[in-house]
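Reading the structure
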Amino acid sequence: MAFELPNDFRCPISLEIMSDPVILQSGHTFDRVSIQRWIDSGNRTCPITKLPLSENPSLIPNHALRSLISNFAHVSPKESRPRTQQEHSQSQSQSQALISTLISRSSTNASRLESLTRLVRLTKRDSSIRRKVTESGAVRAVLDCVDSADGVVRRIVAVLRVGSPDCKAVAATLLTSLAVVEVNKATIGSYPDAITALVSLLREGNDRERKESATALYALCSFPDNRKRVVDCGSVAILVEAADSGLERAVEVLGLLVKCRGGREEMSKVSGFVEVLVNVLRNGSLKGIQYSLFILNCLCCFSREIVDEVKREGVVDLCFSLEDYESEKIRRNATNLVHTLLGVQ
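Residues numbered from 1 in each chain as written. Predicted model: local features only at pLDDT ≥ 70, side-chain atom pairs only at ≥ 80, totals over all residues. Heavy atoms only, no water.

Scanning the chain for helices and strands turns up 20 helices and 3 strands. For the chain, with 345 residues in total, the buried portion stands at 48%. The contacts in the chain between residues at least 6 apart in sequence include a share of 62% that link residues at least 24 apart. Accessible surface, the chain: about 17300 Å² in total, of which carbon and sulfur atoms supply 50%. (Helix = DSSP H or I, 4+ residues; strand = E, 2+ residues; numbered from the N terminus. Buried < 20%, exposed > 50% of the residue type's maximum accessible area, 1.4 Å probe, protein only. Contact = heavy atoms within 4.5 Å. Areas by Shrake-Rupley, 256 points an atom, 1.4 Å probe, with all protein chains shown as cover.)

In structure tokens form, the structure reads like this:
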């Protein structure tokens, strides 16, 4: 059985499992070698929060997390089929060429973006490539590009607004790729018009554009500070309409937005939203059902009026039928929603 280590064990900079986790004064944990390289490059802000650091930031060993990672590694099963030597060699050769393009001063922005997109796919499959990316300085090169005034994000946002349909979809996909690196989520989210452009594309685009924009919003909203930004752009009603038209990725985005108070408030104002979620419960995919149950539970905890509406839609009986599903998350979410609806503590 394939196994994946918890994301909390990965350094937000390198995406590699941390061997020496340390806590920065901002409260976030990084692998020592990655954050030290960040500091040695002259940076004096937290890579995640962008808050200023002292001139000589202290790195406090996170002994508890290090122990967890060590114990987890000893008891966790291994992947059933290791990659062959030929597959590994091919990936290494491809990654080296892509990294060279990323860090070369002579590379065009277009070639860098293409290399970044391909490199993201490779790093998801091979941890040794993630290490190579970190050691090569490619992450720093990408961050420099993102942070610069005339950098990648500005160009992508411009394409989102005025590009051709195919280019708009690709631009949204590139933002998703950039957001794979945790520190980029905050940078992209705070960039003027980036989220607004994605929401506009979700409202006005064709099927492919709407799907890619929703996927990018989902990636960005895994960073809590971005949720309010997305809500403030008037996205909730647009996402509900997209979900009603069959775009289940919109339901997943709403499942993140419901975690913030502003998101819950806006959802409670959208007429017919409960009916849309109930329809997903009856006809949606497993993931759509999982998120719909979670959203309904959060809204019912927020509003008595929504509790009454959910009951009128027959959701209690639906939840009882879902408690036999193979998916543990669906069973748990269905049980939690029943408890909320019936007032069981």
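By the definition in use, this model includes 0 disulfides. Note on Cys233: no disulfide assigned, nearest cysteine sulfur contributed by Cys221 at a separation of 9.9 Å. Residue class for Cys233 comes out partly exposed when judged on its relative accessible area of 28%. (Disulfide = S-S within 2.5 Å.)

This brings us to the nonpolar core. With 73 residues, the main nonpolar core has Leu160, Leu257, Met267, Phe273, Leu293 and Ile295 as its most contacted residues. Per-element accounting of this core gives the leading share, 8 residues, to helix 17 (residues 286-302). If sequence neighbours within four positions are ignored, Ile295 has contacts with Val251, Leu254, Gly255, Val258, Met267, Phe273 and Leu277. Counting residues in each nonpolar core, the second largest holds 21 residues, with Val22, Ile35, Leu53 and Val183 among its members. (Core = buried A, V, L, I, M, F, W, Y, C linked by side-chain atoms within 4.5 Å.)

The subject of this paragraph is the environment of Ser70. Mapped onto the secondary structure, Ser70 falls in helix 2 (residues 63-75). Separated by 51 residues in sequence, Ser70 and Ser19 place their C-alpha atoms 8.6 Å apart.

Further remarks concern the confidence of the model for the chain. Of all residues in the chain, 82% have pLDDT values of 70 or greater, and the mean over the chain is 83. In the predicted structure, residues 76-81 sits below a pLDDT of 50 and forms 9 contacts with residues beyond four places in sequence or in another chain. In the model, residues 146-150 has pLDDT below 50 throughout and makes 10 contacts with residues more than four positions away in sequence or in other chains. (pLDDT = per-residue confidence, 0-100.)

On to the packing of aromatic side chains. Scanning all chains against the criterion turns up 1 aromatic pair. Note on Tyr218 and Tyr291: the rings are 6.4 Å apart at their centroids and 80° apart in plane angle, and the pair reads as edge-to-face. One end of the pair, Tyr218, is in helix 11 (residues 207-221); the other, Tyr291, is in helix 17, and 73 residues separate them in sequence. Among the residues examined, Tyr218 registers a relative accessible area of 23% and is labelled partly exposed. Of the residues examined, Tyr291 reaches a relative accessible area of 12% and is grouped as buried. Across from the ring centre of Tyr218, 5.0 Å away, lies the NZ or CZ of Arg249, which sits over that ring. (Phe/Tyr/Trp six-rings, centres within 6.5 Å; stacked < 30°, edge-to-face > 60°. Lys NZ or Arg CZ within 6 Å of the ring centre and 35° of its normal.)

In this fold, Asn226 is placed in helix 12 (residues 224-232). Within the structure, Asn226 has its side chain in polar contact with the backbone oxygen of Leu220 (distance 2.9 Å). A polar atom in the side chain of Asn226 sits 2.6 Å from the side chain of Arg229. (Polar contact = N/O pair within 3.5 Å; in protein donor to acceptor, adjacent residues only side chain to side chain.)

Right, let's get into the environment of Pro47. Tracing the backbone through its elements, the reader meets Pro47 in the loop between helix 1 (32-40) and strand 3 (60-61). Once the C-alpha coordinates of Pro47 and His28 are considered, the two residues, 19 residues apart in sequence, prove to be 9.2 Å apart.

A word on the sheet that holds strand 1 (residues 21-23). Ordered in space as 2-1-3, the 3 strands form an open sheet in which the pairing is antiparallel. The open sheet has two edge strands with one neighbour each: strand 2 (29-31) and strand 3. As paired elements, strand 1 and strand 2 share 3 bridges and run antiparallel to each other. Of the residues in strand 2, the one forming a bridge with Val22 is Phe30. Each of strand 1, strand 2 and strand 3 is contacted by helix 1, which is oriented at about 95° to strand 2, the strand it contacts most. (Pairing = 2+ DSSP bridges. Axes fitted to C-alpha atoms, helices over the stretch in contact; angles between N-to-C directions.)

Next up on the list: unusual backbone geometry. In this model, Asp193 sits at a positive phi of 80°, which is unusual for a non-glycine residue. Of note, Asp193 is situated in the loop between helix 9 (182-190) and helix 10 (194-204). A relative accessible area of 42% places Asp193 in the partly exposed class.

In this section: the packing of helix 10 against helix 11. Contact geometry of helix 10 with helix 11 gives a least axis separation of 8 Å together with a crossing angle of 145°. The two elements helix 10 and helix 11 cross, and the hand of that crossing is left-handed. Contact residues: Ile195, Leu198, Val199, Leu201 and Leu202 in helix 10; Glu209, Arg210, Ser213, Ala214, Ala216, Leu217 and Leu220 in helix 11. Here the contact of helix 10 with helix 11 is composed, by residue class, of 9 nonpolar, 1 polar and 2 charged. (Left-handed = near helix turned anticlockwise from the far one by under 90°. Nonpolar A, V, L, I, M, F, W, Y, C, P; charged D, E, K, R; others polar.)

The subject of this paragraph is helix 11. Here helix 11 spans 21 Å end to end across 15 residues, near enough to the 21 Å set by a 1.5 Å rise per residue. Among the 15 residues of helix 11, 11 are classified as buried, and the element is accordingly described as predominantly covered. Residues of helix 11 that are buried in the fold lie against helix 8 (165-178), helix 9, helix 10, helix 12, helix 13 (235-244) and helix 14 (248-257). Of the residues flanking the start of helix 11, the one acting as N-cap is Asn206, its side-chain oxygen 3.2 Å from the backbone nitrogen of Arg208. (Expected span 1.5 Å × (residues − 1).)

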